[in-house]
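Each chain, written out:
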Protein chains: 4
Amino acid sequence: MNTMKKIGILAKRGVPGTANVIKNLLLLLEEAGFKVFVESEIASLLKIKGYQRKRLPSLVDMMIVLGGDGTLLNAAGLIGDRGIPILGVNLGGLGFITEISIDEIRSSIDKIASKHYDLEERIMLSAEVYHQRRKVFTASALNDAVINKSALARMIEFDFSINKRYVTTLRADGLIVSTPTGSTAHSLSAGGPILYPTLESFVITPICPHTLTNRPIVLPDRFILDITIKIGDDVYLTLDGQVGFSLKVRDIIRVKKAGYKTRFIRFHKRDYFQILKTKLGWGER
Amino acid sequence: MNTMKKIGILAKRGVPGTANVIKNLLLLLEEAGFKVFVESEIASLLKIKGYQRKRLPSLVDMMIVLGGDGTLLNAAGLIGDRGIPILGVNLGGLGFITEISIDEIRSSIDKIASKHYDLEERIMLSAEVYHQRRKVFTASALNDAVINKSALARMIEFDFSINKRYVTTLRADGLIVSTPTGSTAHSLSAGGPILYPTLESFVITPICPHTLTNRPIVLPDRFILDITIKIGDDVYLTLDGQVGFSLKVRDIIRVKKAGYKTRFIRFHKRDYFQILKTKLGWGER
Amino acid sequence: MNTMKKIGILAKRGVPGTANVIKNLLLLLEEAGFKVFVESEIASLLKIKGYQRKRLPSLVDMMIVLGGDGTLLNAAGLIGDRGIPILGVNLGGLGFITEISIDEIRSSIDKIASKHYDLEERIMLSAEVYHQRRKVFTASALNDAVINKSALARMIEFDFSINKRYVTTLRADGLIVSTPTGSTAHSLSAGGPILYPTLESFVITPICPHTLTNRPIVLPDRFILDITIKIGDDVYLTLDGQVGFSLKVRDIIRVKKAGYKTRFIRFHKRDYFQILKTKLGWGER
Amino acid sequence: MNTMKKIGILAKRGVPGTANVIKNLLLLLEEAGFKVFVESEIASLLKIKGYQRKRLPSLVDMMIVLGGDGTLLNAAGLIGDRGIPILGVNLGGLGFITEISIDEIRSSIDKIASKHYDLEERIMLSAEVYHQRRKVFTASALNDAVINKSALARMIEFDFSINKRYVTTLRADGLIVSTPTGSTAHSLSAGGPILYPTLESFVITPICPHTLTNRPIVLPDRFILDITIKIGDDVYLTLDGQVGFSLKVRDIIRVKKAGYKTRFIRFHKRDYFQILKTKLGWGER
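Just so you know, these numbers come straight off a predicted model, no measurement behind them.

Before going further, it helps to examine the overall build of chain A. The helix and strand tally for chain A stands at seven helices and 17 strands. If you line up chain A on its principal axes, its C-alpha atoms span 60 × 45 × 35 Å. For chain A, the exposed surface amounts to about 11,700 Å²; the carbon and sulfur share of it is 48%. For chain A, the centre of its 40 positive side-chain charges and the centre of its 28 negative side-chain charges are spaced 4 Å apart.

This part takes up unusual backbone geometry. Residues and elements named next belong to chain A. One non-glycine residue with positive phi stands out, namely Arg250, at about 80 degrees. The residue Arg250 is located in the loop between β16 (243-247) and β17 (252-266) in this model. According to the relative accessible area criterion, Arg250 is exposed, its value standing at 67%.

The subject of this paragraph is the interface of chain A and chain D. Between chain A and chain D, the residue contacts involve 40 residues of the former and 40 residues of the latter. Our count for the chain A to chain D interface comes out at two salt bridges. When the shortest N-O distance is used, the salt bridge between Arg165(A) and Asp271(D) registers 3.7 Å. Taken together, the links from chain A to chain D amount to 10 residue pairs in polar contact (both at pLDDT 80 or more). Elements with a minimum of two residues in the side of chain A that touches chain D: β9 (156-162), β10 (165-178), β11 (194-195), β13 (217-220) and α7 (272-280) of chain A. No other element matches β10(A), which puts seven residues into the side of chain A that touches chain D. Of the residues in the side of chain A that touches chain D, the class split is 20 nonpolar, 11 polar and nine charged. Two elements, β13(A) and strand β11 (residues 194-195) of chain D, share two bridges in a ladder whose sense is parallel. For Val218(A), the partnering residue across the bridge sits in β11(D) and is Leu195(D).

Here we take up the packing of helix α1 (residues 18-31) of chain C against helix α5 (residues 105-113) of chain C. Residue and element names in this part refer to chain C. The interhelical angle for the contact between α1 and α5, taken along N-to-C directions, is 30 degrees, at an axis separation of 10 Å. In terms of axis orientation, α1 runs roughly parallel to α5. With respect to the hand of their crossing, α1 and α5 are arranged in right-handed fashion. Within the contact between the two elements, α1 uses Val21, Leu25, Leu28 and Leu29 and α5 uses Ile105, Arg106 and Ile109.

On to the domain arrangement of chain A. All names here are of chain A. According to the domain assignment, chain A consists of domain 1 (6-117 + 267-280) and domain 2 (124-258). Here domain 1 and domain 2 have C-alpha centroids that lie 30 Å from each other. Between domain 1 and domain 2, roughly 960 Å² of surface is buried when both sides are summed, and carbon and sulfur atoms account for 70% of that area. Counting every contact that joins domain 1 to domain 2 gives zero salt bridges. On the surface where domain 1 and domain 2 come into contact, there are two residue pairs in polar contact (both at pLDDT 80 or more). Taken together, the elements giving at least two residues each to the side of domain 1 that touches domain 2 come down to α4 (69-79) and α7. Considering only residue class, the side of domain 1 that touches domain 2 consists of eight nonpolar, two polar and no charged.

Bringing the interface of chain B and chain C into the picture now. The interface of chain B with chain C comprises 40 residues on the first partner and 40 residues on the second. Between chain B and chain C lies a buried interface of about 3,300 Å² when both sides are counted; carbon and sulfur atoms form 59% of it. Linking chain B with chain C are two salt bridges. The dominant element in the side of chain B that touches chain C, judged by the number of residues it contributes, is strand β10 (residues 165-178) of chain B, at seven residues.

The next subject is the relation of the copies chain A and chain D. Turning chain A through 180 degrees and shifting it by 0.0 Å along the axis lays it on chain D, with an RMSD of 0.0 Å. Both copies of the chain, as the preceding transformation shows, are related through a two-fold rotation axis. For chain A, the minimum C-alpha distance to the rotation axis belongs to Pro193(A) and amounts to 3.3 Å. Most of the interface of chain A is mirrored in chain D, where 100% of its interface residues are also at the interface.

Attention now goes to the confidence of the model for chain A. Across chain A, pLDDT averages 91, with 97% of residues at or above 70. The complex prediction reports pTM at 0.93, with the ipTM value standing at 0.91.

Moving on, we get to α5(C). Residue and element names in this part refer to chain C. Looking only at α5, the buried set comprises Ile105, Ser108, Ile109 and Ile112. What you see down the axis of α5 is that its buried residues fit within an arc of 100 degrees, all on one side. In this structure, α5 carries Arg106 and Asp110 as exposed residues pointing more than 90 degrees from its buried face. Next to the buried residues of α5 lie α1, β3 (62-67), β4 (86-90) and β5 (100-101). Two residues or fewer past α5, Lys115 is found with a positive phi of approximately 55 degrees.

Residue and element names in this part refer to chain D. Relative to the 20 Å expected for 14 residues at 1.5 Å per residue, helix α1 (residues 18-31) spans 20 Å between its end C-alpha atoms, a close match to the ideal helical length. Within α1, burial applies to Thr18, Val21, Ile22, Leu25, Leu26, Leu28 and Leu29. The inward-facing, buried residues of α1 contact β1 (6-11), β2 (35-38), α2 (40-46), β3 (62-67) and α5 (105-113). Downstream of α1 by a residue or two, Gly33 has a phi angle that is positive, lying close to 90 degrees.

Residue and element names in this part refer to chain B. Secondary-structure assignment places Gly232 in the loop between β14 (225-231) and β15 (235-239). Residues Gly232 and Asp173 lie 59 residues apart in sequence; the distance between their C-alpha atoms is 9.6 Å. With near-sequence residues (within four places) excluded, Gly232 lies in contact with Met155 and Val249.

Tallied over the entire structure, the rule returns 28 aromatic pairs over all chains. Centre to centre, the rings of Tyr272(A) and Phe273(A) are 5.7 Å apart; their planes meet at 75 degrees, and the pair counts as edge-to-face. Classification of Tyr272(A) as buried rests on a relative accessible area of 10%. Aromatic side chains Tyr196(D) and Tyr272(D) sit 5.3 Å apart centroid to centroid with 75 degrees between the ring planes, which places their arrangement in the edge-to-face category. Of this pair, Tyr196(D) sits in the loop between β11 and β12 (201-209) while Tyr272(D) sits in helix α7 (residues 272-280), and the two are 76 residues apart along the sequence. Taking the relative accessible area as the measure of exposure, Tyr196(D) reaches 16% and is therefore buried. Its guanidinium or amino end placed over the ring of Phe37(A), Lys35(A) lies 4.7 Å from that ring's centre, counting from NZ or CZ.

About the criteria used
- Residues numbered from 1 in each chain as written.
- Chains lettered and ligands numbered in written order.
- Predicted model: local features only at pLDDT ≥ 70, side-chain atom pairs only at ≥ 80, totals over all residues.
- Heavy atoms only, no water.
- Helix = DSSP H or I, 4+ residues; strand = E, 2+ residues; numbered from the N terminus.
- Areas by Shrake-Rupley, 256 points an atom, 1.4 Å probe, with all protein chains shown as cover.
- Lys, Arg positive; Asp, Glu negative; His and termini not counted.
- Charge placed at Lys NZ, Arg CZ, Asp CG, Glu CD.
- Buried < 20%, exposed > 50% of the residue type's maximum accessible area, 1.4 Å probe, protein only.
- Contact = heavy atoms within 4.5 Å.
- Salt bridge = Lys/Arg side-chain N within 4 Å of Asp/Glu carboxyl O.
- Polar contact = N/O pair within 3.5 Å; in protein donor to acceptor, adjacent residues only side chain to side chain.
- Nonpolar A, V, L, I, M, F, W, Y, C, P; charged D, E, K, R; others polar.
- Pairing = 2+ DSSP bridges.
- Axes fitted to C-alpha atoms, helices over the stretch in contact; angles between N-to-C directions.
- Parallel < 35°, antiparallel > 145°, perpendicular 65-115°, else oblique.
- Left-handed = near helix turned anticlockwise from the far one by under 90°.
- Domains from an automatic or database assignment.
- Buried area = accessible area lost by both parts, 1.4 Å probe.
- Least-squares fit on C-alpha atoms with pLDDT ≥ 70 in both.
- pLDDT = per-residue confidence, 0-100.
- Arc of directions from axis to C-beta.
- Expected span 1.5 Å × (residues − 1).
- Phe/Tyr/Trp six-rings, centres within 6.5 Å; stacked < 30°, edge-to-face > 60°.
- Lys NZ or Arg CZ within 6 Å of the ring centre and 35° of its normal.

What follows is the structure, given as structure tokens:
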């Protein structure tokens, strides 16, 4: 019998062939003595009993997630502070946070059964929105919190405070607060640096700043960031590019490190720089 | 009698004190023998006869526009191909394209009456949208055409063609096609270079490109650019940050030089580099 | 008989196998009725009569240059204002300005003999150094003029004038004035935009500017740029990364368009954007 | 009697009026019961007994340094691992690491005498050069280690390893390894992010990288970085822009955190973001 005996399964929607992969995975897991809880949408494809996405984390000890980095971001948000380890299975190419490819599923299950794996922890950020001093929204993110104007709006002006002390006023199309995990995603596109995954830091990267003097800034992740919308008609907060929330002028967005971390199952030392080169072409001619 | 005897007046809305400035301007112009056509919204503030914004360009030989660079962009769009010269009067600080401050109104009217002025021409771009091969939108811009995803959408993938020849496929949050006039506006925020105003060029600047190898590219303004939306749920085209149009997957946006130029009344040689320094802090310590 | 009956041959030094390539080329050219003038260093390898590098342009109607883009830059500098067309033969990979590969030599000679080719002209810049108002150096470049501090010096401060009018004072590690041809070379590394090759423009790109507000600026190539060294111990001017000249405080470097263009022999329409993608990975995922 | 009873004085050379400031400082310190050791060059100006720069750190408990950030960098290098606290007195404008202005000298001496101050520690980096496996150079830096080609050389190619594991090969004009303290100096000019001073990180910023995919990367300061020169004729290592060392092909430069920190005397909470705004114009319109 395994200490991790209950395993949940989540998958990216609409990827052809996923049903077969999961059917096979299911057999392998049950052979290995695990009890498996499949998310209801996949379950209906397989014509087996399914469980609601939202309930899944409360039922299992571990989550296997099939998809890409986006699917893992989604699963991490779902799991929140429950500390359930995630095994990411790539359905496409190499990912920054997925761990194994479909070919490696069989051998991976043996390693899980025999507890031959490590847990890698990644910090998450938490974002709260205060409207007229009342908290109206809270969510967490593994990658980033992005404040962004709509396509038709002109720009956002926001006050930026650190540890409740006013720092500066910015005008930009938006602002990204990113964890090290997220530094290779939206923040990089906006001109931010790459942060090694274990750094206890956030990077603040403006999107199209309206002054020439703005630069990305890397801050300790123990800092509490308050962003107050001063001007901006049609402004949204998105977490990991997935959860959106509409912001009003004078709303305060508080971003800080979440009280918990996301845990990934790792079988082998990952060469982070190799992933940088493969995924981003970093440093290659 | 003046050759430019009919003058239209447009103004930025909601600037306190504008009514008095215009009342004074009106007196000075009428004293100088001009017939003045005031836009209806301002006219109602002054309790005089007004003319519809849209009709104004067809009635006058010259347009005086009170506001900032944004108001002038708007007026340029309204005038379109009519070739009516614009005199920009700053209601705020120094602008890139406004010409005089309120203090200079009196002396400027004398110069107009005595024809002591130059006309500076600026290229405009024209943008057309084709939906299922049918032209569904057309507009012109003095600054830029911006294709941008909504705040909640993930990214846009577009094919980019030059002179009807496929060039490359880009993934980004958006794309800016800017005239030299617009190069100090949104394109600069997105990392584009400054283009001297008289260059016969466009600059193409991606917004948050999802590859590290993208760079702004400066092209001759005789090139015809076709941008085809490949992926993107909630994508908009905006011209000069003012006119918005919703785009669908497979829509083609054609951007080229407009067949006409916008003409600005200039009284003195403007030192472009001085404006760069004052407005942008360019090159200053 | 050919109108271009005298052909010079230049080659990059130290590339293994070049002697055989040239021996073959020589036979083909002589068969086709051309008189060939080989640079003396190559000639000595082939044990045939050679001609001094410097004299070569005065003897021939056309120059075949074997090497990479660097070798062509060098040949363009050698030819200067003589207007002799250059055919660039790639010894390595694809180049921005080389035209054919070794495999295409035979067919190219037929095209030259039958005059089936186009001439593509590229602007060159000219740089002059004035020391105590006396011209002490002059040279031309196809790519760029770079003012750069030595590795151990701290920074350069220079005054920048356009058309003899003071524009601004910059502090930086250096400054690049680049033609469109050079925009994909050093200027791109320093953060400059790509300029389409036929643009009549220069781009001015600072190297490590000491202010956050500096940005590359694209100017008409009819402008005359004067750069005066204000502070800087150990400063050099280099043209096309090849010719170096030591600069003193108060020296003035004048950069303008050269009075002549470099002419390249082209057999087929080159797809500039394809070269961008192949050489730079531009816009690729 | 003070625990810090022996104070050394260093000053920037060639600043007019410094002699008088130091004469006054000397009187105040002696009145307060300190024994003062003045660097010999200043001492000769004051016609008093002086001490060799190099010996000074071995004689004193604390160092007062008059000048700018550059003078402090120099003093930090001189003090090395001795842990002697530094008080930086600004002779010019506000500095990133200087603490007080001349006006504040009197009150500061009282605070030192009564021990009303804090010590702020900043990590330093150590750089070693290995030539044919033999260590031939070692030095430390508060800001940065810069590997840079000479003005006339073409580029450097280097292999980059982290913790003795090969990471990538870069071609660039140079490479900066910067501490958080140095992140607002040369690294910022080369496009690097700002790092909050207390972060336990280095930032690696390439200078004019010859590929478009290079980006600054922030790494834990416990990592050991090995840079091997592969190609490069005329390459130098400089520490804090002050100490230079000539590098040969195949030399290995090892950069790691120094075993000691530099300690600065602080009287009041410094608002780091205020300094960013004042010194860099960061985030200002």
